[in-house]
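The chain contents come next:
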Amino acid sequence: MPDADYRIYALAGMALFAIGFYSMLVQAHLLRRIMALNVMGSGVFLVYIALGAQTPGPIPDPVPHAMVLTGIVVSVCATGLALALVDRAQAAASEVEPGDDA
Amino acid sequence: MTSAWAMASLVLSPLVAAALTFAFPRLGRSLALGTAGVAGLAVVRLMRLVFAGGVQTHRVSGWGAPLGIELRADGLSVLMLIVTALIGVAIALYSQRYFVSEHDDEARHRERYFWPLFLFLWTALNALYLSADIFNLYVTLEMLGFAAVTLVALAGTHAALTAALRYVFVSLSASLFYLLGVGLVYGQCGTVDLPSLAAQARPGPALWVALALMTGGLVAKAALFPLHGWLPPAHANAPAPVSALLSALVVKAPFYILLRLWFEAFPALMTPAVAQVFGALGAAAILWGSVHALFQPRLKLVIAYSTVAQLGYLFLLFPLTAAQEGGFMAWSGGLMLLGAHACAKTAMFLTAGNILHAAGHDRIEDLDGITHILPVSVFAFGLAGMSLIGLDCPRAAGLPGNGCC
């Protein structure tokens, strides 16, 4: 694989990460912020895969692939946890009485 | 018990107990006590092995670094494991009675989930301190974050859930910063194994970016000023044993990873400028946290802001240790403070839990006369406070005398 190829993917991954982080900071809607976290995660995974293609020869380095698999498992759990938490927080907010949470 | 058995039981006993407690809620209290016993024995055994034979390693399933997972225990790991076990045992004992005192269904519901989450948190901490590579540290850090966030939400109040939401967003994005840094380090060095990184690392722009990303993520998780905003609401709105766990143990884990990164994996990049940045942020945290603590109307918020300040003291370890002369003194002093703060903060949050329970609130203005109702708790609270101040004085006053600054 020519040298420039994997760098494009790595830079694209960094860009995705930056876009995701920006949305995480500016979006007020909680669901959008969770999606922004997922975009950040995808960016990180893309960087890993791109760096796996760094090795000379046709066969990529399998170690980053294994790490990405682990990362995907973690990010699915994280998304589940965040969604459950948002659900509970909204339920609690709707039944909260004024001055209850001082 | 060989070191492999000791390390395996430190990770596996709380993990198995957590799964069992989740399935059989009635066993919660006894399983937690059992785990406390096993983990306590294992950590003492491991400490003796490390003292006698130096660094202990174990290749899980025979697969060693760089591909497999290696468990490793050295002096620093053992210290962190001992602190964790001490606090863990104390909280397991305290929580035997904490949830009983509230006779309603909500309290039972909270206790049902407290035990498995507490044991998961303990698993994550032990696994983190035994990890020998930066990717495993990511996985264990994430496990720790999940357990911690859920424990914050445990109280179920609106304030607690809001704090947990804020915490989960900080925690997850901080983890992704760390993970991206790990990827870049692997791209540069071709390994994630902590001991081999020091040999492979060649300072360059890519490595600096990687370290900056990892450090940024870890600093947010360790609640160092100015990224401490999530800590006071999260720690102050949780049930007492949870506040104690979070303040005493959870914020120490990212700090431990920072120590590993900067002093073990990349000592070549630990320039005086970097050390000074850590020092400046630490000093700002001490001032900011302490001043804010003075103005808090609620007892638990005072303790939480004091944690922000005390974490600042921990970060002074970087400039003091990096200054070659007397570096070892600063290192030991910093780690001693870490252990002392963990014990004192646990005592403070647990006694604040008693006060909150007896008075029904923790507004400092209306706590007049609490010493007559809870003399022992208030005395313990005072002792913990003295430990926080008293240990600060010899450190601040004594170290310059030893040629450190």
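Residues numbered from 1 in each chain as written. Chains lettered and ligands numbered in written order. Predicted model: local features only at pLDDT ≥ 70, side-chain atom pairs only at ≥ 80, totals over all residues.

**Looking at the overall build of chain B**
1) Next: The number of helices and strands found in chain B is 18 helices and two strands.
2) Next: Dimensions of chain B, computed from C-alpha atoms along their principal axes, come out at roughly 60 × 45 × 40 Å.
3) Next: A burial count over chain B gives 54% of its 405 residues as buried. (Helix = DSSP H or I, 4+ residues; strand = E, 2+ residues; numbered from the N terminus. Buried ≥ 20, exposed ≤ 12 C-beta atoms within 10 Å, placed from the backbone.)

**Some thoughts on the overall build of chain A**
1) Next: When its secondary structure is counted, chain A shows three helices and zero strands.
2) Next: Residues classed as buried in chain A amount to 31% of the 102 residues present.
3) Next: The long-range share in chain A, meaning contacts at least 24 apart out of those at least 6 apart in sequence, stands at 52%. (Contact = placed C-beta atoms within 7 Å.)

**Digging into helix α8 (residues 205-221) of chain B**
All names here are of chain B.
1) Next: The end-to-end C-alpha distance of α8, which contains 17 residues, comes to 24 Å, matching closely the 24 Å that a straight helix rising 1.5 Å per residue would cover.
2) Next: Every buried residue of α8 is accounted for by L207, A210, L211, L213, M214, T215, G217, L218, V219, A220 and K221.
3) Next: The inward-facing, buried residues of α8 abut α6 (158-189) and α11 (252-265).
4) Next: Just past α8, the residue A223 takes up positive phi, approximately 60°. (Expected span 1.5 Å × (residues − 1).)

**So, the packing of α6(B) against α8(B)**
Residue and element names in this part refer to chain B.
1) Next: Between α6 and α8, whose axes approach to 8 Å, the crossing angle comes to 155°. Comparing the axis directions of α6 and α8 gives the class roughly antiparallel. The interaxial crossing formed by α6 with α8 has left-handed handedness. On the side of α6, the interface is formed by V170, S171, A174, S175, F177, Y178, L180, G181, V182, L184, V185 and Q188, while α8 contributes A206, L207, V209, A210, L211, L213, M214, G216, G217, L218, A220 and K221.
2) Next: Class assignment for the residues of the contact of α6 with α8 results in 17 nonpolar, six polar and one charged. (Axes fitted to C-alpha atoms, helices over the stretch in contact; angles between N-to-C directions. Parallel < 35°, antiparallel > 145°, perpendicular 65-115°, else oblique. Left-handed = near helix turned anticlockwise from the far one by under 90°. Nonpolar A, V, L, I, M, F, W, Y, C, P; charged D, E, K, R; others polar.)

**Description of the interface of chain B and chain A**
1) Next: Counting residues at the interface gives 23 residues for chain B and 30 residues for chain A.
2) Next: Of all the elements in the fold, those that place two or more residues in the side of chain B that touches chain A are α5 (134-153) and α6 of chain B.
3) Next: At 16 residues, α6(B) tops the list of elements feeding residues into the side of chain B that touches chain A.
4) Next: Split into classes, the residues belonging to the side of chain B that touches chain A amount to 16 nonpolar, six polar and one charged.

**Structural notes on the confidence of the model for chain A**
1) Next: Confidence along chain A averages 86 in pLDDT terms, with 89% of residues attaining 70 or more.
2) Next: Here helix α1 (residues 3-26) of chain A is the element of chain A with the lowest mean pLDDT, 89, and helix α2 (residues 30-52) of chain A is the one with the highest, 94. (pLDDT = per-residue confidence, 0-100.)

**Topic: the pairing of strand β2 (residues 70-73) of chain B**
Residue and element names in this part refer to chain B.
1) Next: Neither face of β2 is open: one carries E70 and R72, the other L71 and A73, and all of them are buried.
2) Next: Relative to β2, strand β1 (residues 56-59) runs antiparallel, the two sharing four bridges. Across the sheet, residue H58 finds its bridge partner in β2, namely L71. (Pairing = 2+ DSSP bridges.)

**Examining the nonpolar core**
Residues and elements named next belong to chain B.
1) Next: Formed by 175 residues in total, the largest nonpolar core has its most connected members in L121, L144, V152, A164 and L245.
2) Next: Per-element accounting of this core gives the leading share, 21 residues, to α6.
3) Next: With sequence-adjacent residues up to four places away left out, V152 is seen in contact with A160, A163, A164, Y167, A234, A238 and V242. (Core = buried A, V, L, I, M, F, W, Y, C linked by C-beta atoms within 7 Å.)

**Things to note about the environment of F255(B)**
Residue and element names in this part refer to chain B.
1) Next: Along the chain, the position of F255 falls in helix α11.
2) Next: Separated by 59 residues in sequence, F255 and L314 place their C-alpha atoms 8.4 Å apart.
3) Next: In contact with F255, not counting residues within four places along its chain, are A222 and L314.

**Focus on the environment of V78(B)**
Residues and elements named next belong to chain B.
1) Next: Along the chain, V78 falls in helix α3 (residues 75-98).
2) Next: A C-alpha to C-alpha distance of 10 Å links V78 and R45, two positions 33 residues apart in sequence.
3) Next: Contact partners of V78, with chain neighbours within four places excluded, come to L46, M47, V50 and A73.

**Notes on the packing of helix α1 (residues 3-23) of chain B against helix α4 (residues 105-130) of chain B**
Residues and elements named next belong to chain B.
1) Next: The N-to-C vectors of α1 and α4 enclose an angle of 160°; their axes lie 8 Å apart at closest approach. When the axes of α1 and α4 are compared, the pair comes out roughly antiparallel. In terms of crossing hand, the pair formed by α1 and α4 is left-handed. Contact with α1, carried on its side by M7, L10, V11, P14, L15, A17, A18, T21 and F22, involves W115, P116, L119, F120, W122, T123, N126, A127 and L130 of α4 and no other residues of that element.
2) Next: Grouping the amino acids of the contact of α1 with α4 by side-chain chemistry returns 15 nonpolar, three polar and no charged.

**Some points on the environment of L383(B)**
1) Next: Position of L383(B) among the secondary structure elements: in helix α17 (residues 375-390).
2) Next: Note on L383(B): 15 C-beta atoms within 10 Å, which makes it partly exposed.

**Comments concerning the confidence of the model for chain B**
1) Next: Averaged over every residue, the pLDDT of chain B is 87; the share at 70 or more is 94%.
2) Next: In the predicted structure, residues 392-405 of chain B sits below a pLDDT of 50 and forms 20 contacts with residues beyond four places in sequence or in another chain.

**Observations concerning unusual backbone geometry**
Residues and elements named next belong to chain B.
1) Next: Cis rather than trans, the peptide bond between F225 and P226 has omega equal to 5°.
2) Next: Relative to the elements of secondary structure, P226 occurs in the loop between α8 and α9 (231-236).
3) Next: Positive phi, close to 55°, is recorded for S61, a residue that is not glycine.
4) Next: Phi at A223 is positive, roughly 60°, even though this residue is not glycine.
5) Next: The topology assignment puts A223 in the loop between α8 and α9.

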